[in-house]
Amino acid sequence: MTPKTPVSVLVVIYAADGQVLLMERADAPGFWQSVTGSQDAGETLMETAIREVREETGLDAAQFELTPWAIETRYEIYARWRHRYAPGVTHNTEHVFGLKLPAPQAVVLAPREHLRYLWLPWAEAAERCFSPSNAAAIRLLPARL
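The model shown is predicted, which means the values in this text are computed figures rather than measured ones.

**Overview of the overall build of the chain**
Part 1 of the reasoning: Along the backbone of the chain there are three helices and seven strands.
Part 2 of the reasoning: Reading the helices (α) and strands (β) of the chain from amino to carboxyl end gives β-β-β-β-α-β-β-β-α-α.
Part 3 of the reasoning: Relative to the globule expectation of 15 Å for 145 residues, the C-alpha radius of gyration of the chain, 14 Å, shows essentially globular dimensions.
Part 4 of the reasoning: Overall size of the chain, expressed as C-alpha extent along the three principal axes, is 45 × 30 × 25 Å.
Part 5 of the reasoning: By the burial criterion, 43% of the 145 residues in the chain qualify as buried.
Part 6 of the reasoning: Roughly 7300 Å² of accessible area belongs to the chain as shown, and the carbon and sulfur atoms make up 55% of that amount.

Below, the structure written as structure tokens:
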């Protein structure tokens, strides 16, 4: 397995009414998150965001309003997931995007990645996230609605 690149995207998928899509991780039940994923070699961050949205939800991000939020967070990779990276890699840089949908809609989850999904009001979604950077990004949503 090729080690993951320590550069990733976080895509907050939200509806015009302020509801946010969260998904429960298959490898960590009880851990809820937005779409996330590492950049592949040769991809732009926008291409990574589009690919990850498609892989994790079945949605075509090009049909909606996908925007970079100019937020970059460097964080320590959780020890339980460090084996996915090259030896010695301990930190990841995450780039935040928002994907605005007209209304909440059904998604098709990647079963190896997520168990189930919920649409929640933004404040409740932020509280449910296990990742502090994910929660912080969701808390910025009211200014973007």
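**Overview of helix H1 (residues 45-57)**
Each turn of an α-helix holds 3.6 residues, which means side chains three or four residues apart point in the same direction.
Part 1 of the reasoning: In a regular helix each residue adds 1.5 Å, so 13 residues correspond to 18 Å; H1 covers 18 Å between its end C-alpha atoms and thus fits that length.
Part 2 of the reasoning: Of all the residues in H1, the buried ones are Thr48, Ala49, Arg51, Glu52, Val53, Glu56 and Thr57.
Part 3 of the reasoning: Turning to H1, the residues buried within the fold contact strand S1 (7-15), strand S2 (19-25), strand S4 (35-38), strand S5 (65-76), strand S6 (91-101) and strand S7 (114-121).
Part 4 of the reasoning: Of the residues flanking the end of H1, it is Gly58, one or two places downstream, whose phi is positive at about 80 degrees.

**A few points about the packing of aromatic side chains**
Part 1 of the reasoning: Considering all chains together, one arrives at six aromatic pairs under this definition.
Part 2 of the reasoning: Measuring from ring centre to ring centre gives 4.6 Å for Phe31 and Phe130, while their planes differ by 35 degrees; the resulting arrangement is tilted. Of this pair, Phe31 sits in the loop between S2 and strand S3 (32-33) while Phe130 is found in the loop between helix H2 (122-128) and helix H3 (132-139), placing the two residues 99 residues apart along the sequence.
Part 3 of the reasoning: Taking relative accessible area as the criterion, Phe31 reaches 24% and is therefore assigned partly exposed.
Part 4 of the reasoning: When the ring of Tyr78 is compared with that of Trp81, the centres are 5.7 Å apart and the planes differ by 80 degrees; the resulting orientation is edge-to-face.
Part 5 of the reasoning: Members of the aromatic cluster, each reached through a chain of ring pairs, are Phe31, Tyr78, Trp81 and Phe130.

**Side note on the nonpolar core**
Part 1 of the reasoning: Core analysis: the largest hydrophobic core is formed by 18 residues, its most contacted members being Val11, Ile13, Val53, Leu66 and Leu99.
Part 2 of the reasoning: For this core, the secondary structure elements donating two or more residues are S1, S2, H1 and S6.
Part 3 of the reasoning: Considering each element in turn, this core owes the most residues, four residues, to S1.
Part 4 of the reasoning: Residues in contact with Leu66, not counting those within four places in the same chain, are Val11, Met46, Ala49, Ile50, Ala61, Phe97, Gly98 and Leu99.
Part 5 of the reasoning: Counting 16 residues, the second largest nonpolar core, distinct from the first, contains Trp32, Trp69, Leu120 and Ile138.

What counts, and at which threshold
Residues numbered from 1 in each chain as written. Predicted model: local features only at pLDDT ≥ 70, side-chain atom pairs only at ≥ 80, totals over all residues. Heavy atoms only, no water. Helix = DSSP H or I, 4+ residues; strand = E, 2+ residues; numbered from the N terminus. Rg over C-alpha atoms; globule rule 2.2 N^0.38 Å. Buried < 20%, exposed > 50% of the residue type's maximum accessible area, 1.4 Å probe, protein only. Areas by Shrake-Rupley, 256 points an atom, 1.4 Å probe, with all protein chains shown as cover. Expected span 1.5 Å × (residues − 1). Contact = heavy atoms within 4.5 Å. Phe/Tyr/Trp six-rings, centres within 6.5 Å; stacked < 30°, edge-to-face > 60°. Core = buried A, V, L, I, M, F, W, Y, C linked by side-chain atoms within 4.5 Å.

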